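Architecture and fold: a report
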Amino acid sequence: MTNAIRVSSPITGTDKTMSFEAGHLAQLANGAVLARLGDTMLLATVTAAKTAREGMDFFPLTIDIEERAYAAGKIPGAFFRREGKLSDQAILICRLIDRPLRPSFPKGFRNEVQVVGTIFSADQENPHDILAINAASAALMISGIPFDGPIGAVRMAYTTDGEWAPHPTYAEGDAATFELVVAGRALSDSVDADVAIMMVEAGGTEGSFEKYLDGAPKVSEEVLAAGLEASKLWIREAINLQRELVRDFIADRGPLPSFPYETFADYQDDVYARVESVGQQALSDANKITTKAARAEALDAATKSITEQISAEFEGRASEIKAAIRSVTKKLVRERIVQDGVRIDGRGVSDIRPLSAEIDLFPMTHGSALFQRGETQVVNVTTLGMPRMRQQLDTISPDEFRRYMHHYNFPPYSTGETGRVGAPKRREIGHGMLAERALVPVLPSEEDFAYTIRVVSDIMQSNGSTSMGSVCGSTLSLMAAGVPIKAPVAGIAMGLVYEGGNYVTLTDILGAEDAFGDMDFKVAGTADAVTALQLDTKIDGLPADVLAKALHQAKDARLAILKVLTDTIAEPRSEVAEVAPKIVTLEIPIDKIGEVIGPKGKVINTLQQETGADIAVDDDGVVGTVTIGAKDGRAVEEARRRISLILDPPSADVGAIYQGRVVSIAKFGAFINILPGRDGLLHISKLAPLNGGKRIGQVEDVLELGQALEVKVDDIDPQGKVSLSLVGDFPDVVEEPRRERRPERDSRERPERESRDRSERPSASNVSSSSFEASFEAELAGEIGDLGPGGPTFSDGDGGGRRSPRPRRR
């Protein structure tokens, strides 16, 4: 086994160290790096096909993250007890790795490349996503595969003190108001080289708006710009550590392996020149049509005409002709934007398409809305559920539950095409999580609003930034559903065209502008704070003034959209919809939880059956929480009334008669619930009237659970234990002669039994007139001997109807 090459470096501003190790594990892969941060460890491997697959017209890069349950000391919770499909979090990490890596391969490179990250150790403190980006880049750097790296990445948290903290733990991230993930590459080989930002993923944290109310500084456009600039220090550190690994690897193992490859051009220059001369005017005219469908039809016609004119000259090169037409179209669109300030649909660079909004589309949903921006149209539906409906997470992160879920669906008809409908793809999961991240900061706390919340965004039409349309529609549907969000949130997608040294920022980009532009920049937020941001660039570096302009241009658009939203519904409704469940929560002492639940859930199940309410009990180790929900508000109030009586039960009166119910049966009698939270014991010796006056052998012979009985309170002892007797006309108790007990087969002596006078055992008739506890103890002593000072105990009216502990035999 060969020795590993290890490098490590402290992280500025922290007490942490990041390390890389190569040459020890997975040596048959083109590149493999074991990375560590704290006690979180993962292996990033990269492999590439030696040749490109025939007919491949794109770069087939695949990223997979394998989150092993053993990394967190867990066994998977699925039926098969092994890892299955990727979690949503793992898919997000795959996308985080893909976005900066993909543009770093040579143009025209078509060999299949696969990056696999396997999480070996998760310390529940340090997230593994940033480590995975850096490790994947490091593995590519030592693989010999053509790669314009290294790529460095960092996560930063904006603290309540207004500082950006690098590489925060899970707890530090939760305590912050905003988290920012940034990846970039160095613009030179210098250790102090400037860094070009390539990818940004950011969002506010849960409860951040409560922290703002407590005085924490809000995350504005200026704060974000400062954070992106500050991130370059730690990105540079990660890049320099990867370069050190490459130097040590070469020094120990020799030069990196060569990787022969060829690049494939989509078209040759002769095809491009001919397409440009024949079809430029037709393509230019088609791109001036403002509506998507008509423009697409005109472009199809122009493409067909150009192909027919030159196909004879370039026989067998139809794919080159098609690619050249697209390239000419891209050039025309970009030139028109930069030179004339006019976009595909005729708008100016900062214009927003027409906006409209509606709410209350569907009668049986809890909250519904339609948001439309130009030809992008999104239906959003909010559903409210009981707390127990929250999603249970089976991951290696510390998070166990997910209370707010945002699901995004992109059916093929939204683009006028046919296609597969089924499980969500990675893009759909990523868009849904981006919209979720934008709205989480403004959601009410679980203490203020106990519901589990699910929002679904169904894309009806797509022509640019459906994810930001989902944010806007979600705000509408949440407010229509009566969810008391802290402030409405709107989102906008920005673009950038860099041509001839000029940067032109575009507001509200179309799908074609996204494809033909140099930046995709999505920003969501309230009127005065950013809640989510996503940025991807295709150019090396984004000047600070250009980024600042884009952020402020996005804010202007966001404010315009917010006005449309608030004109539709000014604030969240004060009540949830009639068809939504009504929920109330009660805080109870933690020692009262057992009384509300009852033995094996009997009390809570009875409450649910009789009131029709859904009742859930939880605790945080200090205080208990009872959540009551039902569509009928009267059911909720009745369940709350009954639980209040369990917590503070009424007192029984000696001599009073009550209509009771059998809640538990023991060998020595039955427990009868006579008042909410108040049970009493009907001793077996008092059940003879139910058996024609004859003594009974087992309580079950004459009583069953749930049976109604009229009983009288005979006695209440100082501990609150209630003794009951039957009420009604029954025949007199018939005293039966006692049979002699058969000699014990066990030779052990029982002096307690021999010393007791059996003739003094009380009869059924005199039990009723004696003390309840004395008669009970005498009965048991006569049957099984002296119980000693411990004695038996039974329910003291705790409302749970719990069965008493059985006396221990000596």
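Just so it is clear, the structure is predicted and the values come from calculations on it, not from any experiment.

**What to know about the pattern of salt bridges**
With the rule as written, the count across this model stands at 46 salt bridges. Here E428 makes a salt bridge to K425, at a shortest N to O gap of 3.6 Å. You can call E428 buried: its relative accessible area is 8%. Notably, a salt bridge pairs E637 with R640, separated by 2.7 Å at the nearest N-O pair. Of the two residues, E637 and R640 both sit in helix α15 (residues 633–647), three residues apart, roughly one turn of that helix.

**Things to note about the packing of aromatic side chains**
As enumerated under the stated definition, the model contains 13 aromatic pairs in all. Considering the side-chain rings of Y498 and Y503, the 4.3 Å spacing of their centres and the 25° angle between planes classify their relative orientation as stacked. Grouped by ring-pair contacts, the aromatic residues F59, F105, F109, F147, F259 and Y261 constitute a single cluster. Across the ring face of F401, the terminal group of R390 is positioned such that the distance to the ring centre comes to 3.8 Å. Between the NZ or CZ atom of R427 and the centre of the ring of F410, over which it lies, the distance is 4.4 Å.

**A few points about helix α10 (residues 466–480)**
An α-helical turn contains 3.6 residues, so a residue and the one three or four places further along point in the same direction. The end-to-end C-alpha distance of α10 is 21 Å, a good match for the 21 Å that 15 residues give at a rise of 1.5 Å each. With respect to burial, α10 is a largely interior element, 15 of its 15 residues being buried. Looking one or two residues past α10, G482 carries a phi angle of roughly 85°, positive in sign.

**Section: the sheet that holds strand β20 (residues 519–525)**
Spatial strand order, β8-β7-β9-β10-β21-β20-β18-β19: eight strands in an open sheet with antiparallel pairing. Only two strands of the sheet have a single neighbouring strand rather than two, namely β8 (164–166) and β19 (502–507). Between one strand axis and the next, the sheet turns by 25° as a mean value, whatever way the strands run. Relative to strand β21 (residues 530–537), strand β10 (residues 195–204) runs antiparallel, the two being bridged by five bridges. Looking across to β21, one finds that V200 is bridged to L535.

**A short note on the pairing of strand β5 (residues 61–67)**
Counting buried residues in β5 gives five out of seven residues, a clear majority hidden from the surface. Relative to strand β6 (residues 113–121), β5 runs parallel, the two being bridged by seven bridges. Bridged to I63 within β6 is V115. Read as a crossover between parallel neighbours, the route from β5 over helix α1 (residues 88–101) to β6 is left-handed.

Conventions and cut-offs
- Residues numbered from 1 in each chain as written.
- Predicted model: local features only at pLDDT ≥ 70, side-chain atom pairs only at ≥ 80, totals over all residues.
- Heavy atoms only, no water.
- Salt bridge = Lys/Arg side-chain N within 4 Å of Asp/Glu carboxyl O.
- Buried < 20%, exposed > 50% of the residue type's maximum accessible area, 1.4 Å probe, protein only.
- Helix = DSSP H or I, 4+ residues; strand = E, 2+ residues; numbered from the N terminus.
- Phe/Tyr/Trp six-rings, centres within 6.5 Å; stacked < 30°, edge-to-face > 60°.
- Lys NZ or Arg CZ within 6 Å of the ring centre and 35° of its normal.
- Expected span 1.5 Å × (residues − 1).
- Pairing = 2+ DSSP bridges.
- Axes fitted to C-alpha atoms, helices over the stretch in contact; angles between N-to-C directions.
- Right-handed = clockwise from strand over helix to strand, strands pointing away.

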